Amino acid sequence: MIKVIDGKGIAARIRGEVAQAVKEFKGERAVSPKLCVVLVGGDPASQVYVRNKEKACQEVGMIGEVYRLPATASQLQLNQLIRQLNADRSVHGILLQLPAPKGLDPISALDEISPDKDVDGLHPLNMGKLLRGEELLLAPCTPSGIMELIITTGISYEGAEAVVVGRSNIVGKPVALLLLQRHATVTICHSRTKDLADVCRRADILVAAVGSPGIIRGEMVKPGAVVIDVGTNRIGEKLVGDVEFESVKEVAGFITPVPGGVGPMTIAMLLKNTLQAAKNLTTKQS
Ligand code: NDP
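Reading the values: the criteria
- Numbering of residues starts from 1 in each chain and follows the order in which that chain's sequence is written.
- In keeping with the model being predicted, local features are shown solely for residues with a pLDDT of at least 70 and side-chain atom pairs are shown and tallied solely at 80 or more, while totals for entire chains, interfaces and linings include all residues.
- Remark: hydrogens and water are excluded; side-chain values derive from all non-hydrogen atoms of the structure.
- If even one non-hydrogen atom of a residue comes within 4 Å of a molecule or strand, that residue is called near it.
- Residues adjacent in sequence count toward polar contacts only when both atoms are side-chain atoms; beyond that, a polar contact is any pair of N or O atoms within 3.5 Å, and within protein one must be able to donate a hydrogen and the other to accept it.
- Numbering of helices and strands runs from the N terminus, with a helix taken as a DSSP run of H or I at least four residues long and a strand as a DSSP run of E at least two residues long.
- Classification used: nonpolar for Ala, Val, Leu, Ile, Met, Phe, Trp, Tyr, Cys and Pro, charged for Asp, Glu, Lys and Arg, polar for all others including Gly.
- Note: two strands are recorded as paired if DSSP finds a minimum of 2 bridges between them.
- Whenever a helix is involved, its axis is fitted only over the stretch in contact; in every case the axis is a line through C-alpha atoms, and angles between N-to-C directions fall within 0 to 180 degrees.
- Pairs of residues are marked as contacts when any of their non-hydrogen atoms sit within 4.5 Å.
- Only protein chains enter the calculation, and the probe is 1.4 Å; a residue is then buried if its accessible area is under 20% of its type maximum, exposed if over 50%, and partly exposed in between.

1. Points about the site of the ligand
Among the 21 residues in the neighbourhood of the ligand, the closest are listed as Arg 167, Ser 168, Ser 191, Thr 232 and Thr 266. In this structure, Arg 167 approaches the ligand through a side-chain N or O atom, which is 2.7 Å from an oxygen atom. His 190 has a polar backbone atom sitting 3.4 Å from a nitrogen atom of the ligand. Of the residues forming the shell around the ligand, the biggest block, three residues, is contributed by helix α10 (residues 262–285). The residue makeup of the shell around the ligand, split by class, is nine nonpolar, eleven polar and one charged.

The structure is reproduced here in structure tokens:
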């Protein structure tokens, strides 16, 4: 019997745990964890995402603030804003909402974020620690959310064949490294992979992070596999994943839906990271 992984429910549980931990933290340290989200330009989807992050912070008792720069902002202005937030002791987490408008170099801005406040886990120092296999204090949000979802299935990582389709810095590579850290045997696929179906069929754990609607079909999945669909593709009004849900659910043991799978986990993990950053920083400063 196929099991649909309830990302929404798992994310709600984590948010509840974070809310409780924030309450305790505020009681002990008399400090409110604070996340600053930097948004450059007026991309409509990004506007919605930053508002959701702001609201999610408030719901767990944290401060969430959005800093808006016009689309015409220069790289210097953006980097200066980040440096200002780095220096502000009341700020514990900084997130640059991507994509940045054309003409700006997001990598240069991400590199400016203090590694201690890098709640997205994208700073080279935090990425380097992930590569070295160190236990991370601030792991990238979507990949660590994916790991939380996989854990709920009860599958053992050790020696499991894990196939990650996609090699981006924000999803594919870090999730592959987290799986490797848990002793899975990991294969990463990308646009030049020769026989995608053949590689995917080996997977006990299959993570699809491509951005191509329905690229993973039932005949590409090993019976009983755990299938995690990261893709969020808009087709008209509808949001669909990278996994063809109808055919894959006939074969897989577990599957995440879109929406309601990986998506809600990203914000839950962002909140968890912000609290963690606040704990680390207040310990360092005391
Ligand atoms: P990118 O576009 O950065 O990366 C896509 C990857 O897919 C690339 O590595 C690319 O290969 C690979 N790819 C493209 N075509 C194929 C193909 N035919 N076969 C195999 N691999 C292919 O995307 P992201 O990693 O940023 O995002 C992936 C998806 O996840 C998107 O739909 C995005 O919206 C979603 N997403 C969802 C999040 C959530 O919270 N739910 C968070 C982040 C992303 P190559 O490197 O060779 O070009």
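Don't stop here, the text continues.
2. Thoughts on the pairing of strand β3 (residues 63–69)
The side chains of a regular strand alternate, first on one face of the sheet and then on the other. Sheet analysis places strand β2 (residues 34–40) next to β3, joined by seven bridges and oriented parallel. Paired with Val 38 across the strands is Tyr 67, a residue of β3.

3. Things to note about the sheet that holds β2
Strand order in the open sheet formed by three strands is β3-β2-β4, with parallel pairing between adjacent strands. What marks the edges here is a single partner per strand, and that holds for β3 and β4 (93–96). Between one strand and the next, the sheet's axes are offset by a mean angle of 20°, whatever the strand orientation.

4. Section: the environment of Arg 201
Here Arg 201 is to be found in the loop between α8 (196–200) and β7 (205–208). Along the primary structure Arg 201 and Glu 161 are separated by 40 residues, whereas in three dimensions their C-alpha atoms are 10.0 Å apart. Excluding residues within four positions of it along the chain, Arg 201 makes contact with Glu 219, Met 220, Val 221 and Lys 222. Side-chain polar atoms of Arg 201 contact the backbone oxygen of Glu 219, separated by 2.7 Å.

5. Overview of unusual backbone geometry
Negative phi is the rule for most residues except glycine; trans is the rule for most peptide bonds. In this structure, Pro 99 follows Leu 98 across a cis peptide bond, with omega equal to 5°. Note on placement: Pro 99 falls in the loop between β4 and α4 (106–112). Of note in this structure, Ala 30 is not a glycine but carries a positive phi near 55°. Inspection of the secondary structure puts Ala 30 in the loop between α1 (7–29) and β2. Judged by relative accessible area, Ala 30 falls into the exposed class, the value being 71%. The residue His 183 is not glycine, and still its phi comes out positive at about 75°. With respect to the secondary-structure elements, His 183 resides in the loop between α7 (172–181) and β6 (185–189).

So, to be careful, I would describe these as geometric facts and stop short of saying anything about function.
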